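# Examining the three-dimensional arrangement
Residues per chain are reported as follows:
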Amino acid sequence: MLRHASALVLASAVGCATIAFGCRTAEPPAETDRPVTTSTPERDIHSYARPHEVRVTHVALDLHADFDRKILNGTATLQLHRSPSASTVVLDTKGLDIQRVSAAGTDVKFSLGDDDRILGRPLTIELPASVNEITIAYRTSPEAAALQWLQPSQTAGGRRPYLFSQGQAILTRTWIPTQDSPGVRQTYSARITVPRDLRAVMSAEQLTPTGVETPTGRAWDFRLTQPIPPYLIAIAVGDLAFRRVGARTGVYTEPAMLDAAANELVDLEKMVAAAETLLGPYGWGRFDVLVLPPSFPFGGMENPRLTFATPTIIAGDRSLVSLIAHELAHSWSGNLVTNATWSGFWLNEGFTTYVESRLMEVLYGVDRARMLQVLDRRSLDAEIKRLGPTHKDTILDLDLSGRDPDDGVSDIAYEKGATFLRTIEHAVGRKTFDAYLRGYFDRHAFQSITTAQFLADLRQHLLRGDRQLEERLKVEEWLYKPGLPDNAVVPTSDALARVEQDVNAFAEGAAASSITDASAWSTQEWQHFLVSLPEKLTTAQLTDLDRTFRLTERHNSEVLFAWLRVTIRNRYEPAMPALERFLTSQGRRKFLKPLYEDLMKTDWGKDEARRIYARARPLYHSVSTNTLDPIISGKSSS
Ligand SMILES: [Zn+2]
């Protein structure tokens, strides 16, 4: 998933023999004959499942979407791989109404355990001898955290309702009873029945491109033959239109947004081709993008075959599509090789952020990639400063005991992870590191691994017994110690250094109009300029900036966001209507959280924040309101 605007990857064309991803997707390794790993698998503390006894290998859904009651209703049929001694299977559920469990048409006994605030309830099912398939009849709760049911008024079109899911990290259990652990990879198929005027899409191959008429609505069939962690099972239902932009790429969105979205994402095919030259064949078939209604809480979510994306990337000038490159990079890092538990989240996001930067370099040149690295490093330093350099959440291999994995997610996994990989690249050389990375994806394709397994792999295939190199790289310090090791590479950008000179001149009294090259600045140069401005500016300075560069009127969400932060801390009144518009017209947590926090830090802004939040809250996703409620009520710890 994407936290930052910057996003993407790797080098030199490789064939199937080198990186097996693309070649092996037609026939993924069976769950039961995965290679023996080099260390003991970590138990996933965020799942009740006991996959060493019984493992879910396939989920077949038959669900009806009831927009009046805001529930999904139907069955999940699970295929199981059991050890001979196992007599029960334990699944994860949260808020599910389990009506019946059966095997071969006969009811079997089941029980729901105590409800844990974070984990939900274990569903324990007694397995008759030799049964390898069970069917669970159930329905979701209207409050299911993974599902957002939008009123027509919350969509771009304004006439039809909308549903979309977000499974990461541990929310899939709120709509599917399964082993909801990223270490338990599953294939899936689905029949989704929806009202006749709506269309269903999923992170899977579409088997019925126009749907099938049924007595209760229109049914849409899907299947995904590659085993994935269950957080990647995703659905959206709405008034959706589709437009092809390339041979295997296209855009789904509401009809009202189709032209703008397709225009913004016209380079999708080029991106996939660029990623392939770096990482090997793209192995998931299609790469389509679903541009969601404004309440989507994330930048993007790397659901296989169908990336979910915020509409805030539609800037009109294709300047923010690097976000898509990040999600595309996840097709390798995250979806092909996945963190086995949420402690290893950096294996998904650190690798993806590294790869994203390499992809930006291929697509847009080294200057752009360096700018993004400098901005990322800046946010990493700020995050370590905010948490404190000895805080345990600055450790890559996270300790999430007793916590929701979402609470431990920060820039650390992304930026510290990417900086670690960049530091290794710098030490061993790009050619050597690229060969290692391609091997890494190949060796662990369709597997979920832990930090310890990564370390074992690094020692075996890159360090190869070179103790001096390992010490010089400070590998264990990077993985298991807080803060930033002192050998971290420092990214530099000439373009951003020039921007800093402009900032200094402006801070010392120069007029905004003296910054002559600003008209040609990229999004990244604007971001850097705005975040580098002094804490305190006079109203005259703010007015000068705004009149010269029309910052309050910007449609580029990243530039507007950076400007709004400046205006809040200096109480620049002319920007306040734009602030309110921004907070009430999109629900991306990355933008909302800092802006509300900034408001709550001021005397005058607290009431404003509460007033705007009361208006905007119905628009936001639970992922965002879970973060924002404590901030607005003043109970936030940060
Ligand atoms: Zn990501």
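Residues numbered from 1 in each chain as written. Predicted model: local features only at pLDDT ≥ 70, side-chain atom pairs only at ≥ 80, totals over all residues. Heavy atoms only, no water.

It is worth spelling out the overall build of the protein chain at this point. From N to C terminus, the protein chain includes 20 helices and 23 strands. Since a compact globule built from 638 residues should have a radius of gyration of about 26 Å, the 24 Å found for the protein chain is in line with a globular shape. Overall size of the protein chain, expressed as C-alpha extent along the three principal axes, is 80 × 60 × 50 Å. Each of the 638 residues in the protein chain was classed as buried or not, and the buried ones make up 61%. Look at the contacts in the protein chain between residues 6 or more apart in sequence, and 72% of them connect residues 24 or more apart. Counting only carbon and sulfur atoms, one obtains 49% of the accessible surface of the protein chain, whose full area is about 24,200 Å². Of the side-chain charges in the protein chain, 72 are positive and 78 negative, and the distance between the mean point of each set is 1 Å. (Helix = DSSP H or I, 4+ residues; strand = E, 2+ residues; numbered from the N terminus. Rg over C-alpha atoms; globule rule 2.2 N^0.38 Å. Buried < 20%, exposed > 50% of the residue type's maximum accessible area, 1.4 Å probe, protein only. Contact = heavy atoms within 4.5 Å. Areas by Shrake-Rupley, 256 points an atom, 1.4 Å probe, with all protein chains shown as cover. Lys, Arg positive; Asp, Glu negative; His and termini not counted. Charge placed at Lys NZ, Arg CZ, Asp CG, Glu CD.)

Next up on the list: unusual backbone geometry. Keep in mind that most residues, glycine aside, have a negative phi and that most peptide bonds are trans. With omega at 5°, the peptide bond leading from Q168 into A169 counts as cis. The topology assignment puts A169 in the loop between β10 (162-165) and β11 (186-194). One non-glycine residue, K70, adopts positive backbone phi at about 55°. Along the chain, the position of K70 falls in the loop between β1 (54-66) and β2 (71-82). Overall, the relative accessible area of 26% leaves K70 in the partly exposed class.

Next up on the list: the sheet that holds strand β3 (residues 88-93). In spatial order, the strands read β3-β7-β6; together these three strands make up an open sheet with antiparallel pairing. Two strands bound the open sheet, and with one partner strand each, they are β3 and β6 (110-112). Averaged over all pairs of adjacent strands, the angle between strand axes in this sheet comes to 20°, irrespective of strand direction. (Pairing = 2+ DSSP bridges. Axes fitted to C-alpha atoms, helices over the stretch in contact; angles between N-to-C directions.)

For the rest of this paragraph, the subject is the packing of helix α6 (residues 366-387) against helix α14 (residues 523-532). Remark: α6 packs on α14, axes separated minimally by 10 Å, with the N-to-C direction vectors making an angle of 30°. Of the possible angle classes, the one that applies to α6 and α14 is roughly parallel. With respect to the hand of their crossing, α6 and α14 are arranged in left-handed fashion. Only Q524, E525, Q527, H528, V531 and S532 of α14 make contact with α6, whose side of the interface consists of R368, M371, L372, V374, L375 and R378. Residues of the contact of α6 with α14, tallied by class, amount to five nonpolar, four polar and three charged. (Parallel < 35°, antiparallel > 145°, perpendicular 65-115°, else oblique. Left-handed = near helix turned anticlockwise from the far one by under 90°. Nonpolar A, V, L, I, M, F, W, Y, C, P; charged D, E, K, R; others polar.)

The next thing to look at is the sheet that holds β10. Here four strands make up an open sheet; going across it, the order is β9-β10-β16-β12 and the pairing antiparallel. Every other strand in the sheet has two partners, leaving β9 (147-150) and β12 (199-202) as the edge strands with one partner each. Averaged over all adjacent pairs, the angle separating strand axes in this sheet is 15°, with direction ignored. Sheet analysis places β10 next to strand β16 (residues 235-238), joined by two bridges and oriented antiparallel.

It is worth spelling out the packing of aromatic side chains at this point. Inspection of every chain in the model, using the stated rule, returns 35 aromatic pairs. Relative to F164, the ring of Y162 lies with its centre 6.5 Å away and its plane at 75°, an arrangement referred to as edge-to-face. F164 shares its class with Y162; the two are buried. Taken together, the ring pairs connect W346, F351, Y354, F420, F433, Y436, Y440, F441, F454 and W478 into an aromatic cluster. (Phe/Tyr/Trp six-rings, centres within 6.5 Å; stacked < 30°, edge-to-face > 60°.)

Let us now look at the packing of helix α17 (residues 576-585) against helix α18 (residues 589-600). Two numbers describe how α17 lies on α18: the axes approach to 10 Å, and their chain directions differ by 140°. Looking at the two axes, α17 sits oblique to α18. For the element pair α17 and α18, the recorded crossing hand is left-handed. On the side of α17, the interface is formed by L579, F582 and L583, while α18 contributes F591, L592, L595, Y596 and L599. Looking at the contact of α17 with α18 residue by residue, the class counts come to eight nonpolar, no polar and no charged.

Here β10 shows two buried faces, one formed by Y162 and F164 and the other by L163 and S165. Relative to β10, β9 runs antiparallel, the two being bridged by four bridges. Bridge pairing in β10 links L147 to S165.

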